[in-house]
Amino acid sequence: MSETATSNASQVPAIEGWFTLDQNPHLIGAQCTACGTYVFPPREGACPSPSCDSDELTATPFSRFGTVWSYAENRYAPPLPYRAAEPFEPYALVAVQLEKEGLIVLGQAPKGILAKDLKVGMRMQLETDVLYREDGVDYMIYVWAPAVQDEVVGGAK
Ligand SMILES: [Zn+2]
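Structural notes, computed from the coordinates. On a predicted model such as this, the values are computed, not experimentally measured, just so you know.

1. Overview of the overall build of the protein chain
And step 1. Counting secondary structure elements, the protein chain contains zero helices and nine strands.
And step 2. Along the protein chain, from the amino end to the carboxyl end, the secondary structure elements read β-β-β-β-β-β-β-β-β.
And step 3. Here the protein chain holds 157 residues, and 22% of them are scored as buried.

Dropping the structure here:
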């Protein structure tokens, strides 16, 4: 194989149906049509709320923003369906509480963001990053990146 330019590799989600791959990517979750309970990852079937009899969940876009609830640094290759790039590089795992839904969603931080760069309560936004590349195709995952601050510029540290 003799590939030269790989910058315009096509992008596909590494996990189908969990997030969008547009300019402002967001998670796709599910919501109970009866009581409004949110579910992530998205699925069909019965509402997880014990006080609700509904068996109808519909796919719904979630907010892009949330705050750090907890985080950890992973120094070992994760299990499937996460497939790590070779050679394996440590990365941070972040549990983010979604601003609107209140649900806590676990995700990786972008490459280069490690535990030392994170703080509980920090505002985060959903982005996408290349998990691995195969045959000219970039397999994408969603990541939690520190939210872009529009007021504090190059300031507080
Ligand atoms: Zn319900």
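2. Regarding the pairing of strand S6 (residues 91-98)
And step 1. Where strand S5 (residues 65-74) and S6 come together, eight bridges link them in antiparallel fashion. Bridging from a neighbouring strand, Ala72 pairs with Leu93 of S6.
And step 2. Summarising the sheet, S6 and strand S7 (residues 104-108) pair through five bridges and their orientation is antiparallel. Among the inter-strand pairings, Val94 is bridged to a residue of S7, identified as Gly107.

3. Some words on the environment of Ile113
And step 1. Among the secondary structure elements, Ile113 is positioned in the loop between S7 and strand S8 (123-134).
And step 2. Between the C-alpha atoms of Ile113 and Tyr91, which are 22 residues apart in sequence, the distance is 7.1 Å.
And step 3. When sequence neighbours within four positions are dropped, the list of residues in contact with Ile113 reads Ala92 and Ala145.

Analysis parameters
Residues numbered from 1 in each chain as written. Predicted model: local features only at pLDDT ≥ 70, side-chain atom pairs only at ≥ 80, totals over all residues. Helix = DSSP H or I, 4+ residues; strand = E, 2+ residues; numbered from the N terminus. Buried ≥ 20, exposed ≤ 12 C-beta atoms within 10 Å, placed from the backbone. Pairing = 2+ DSSP bridges. Contact = placed C-beta atoms within 7 Å.

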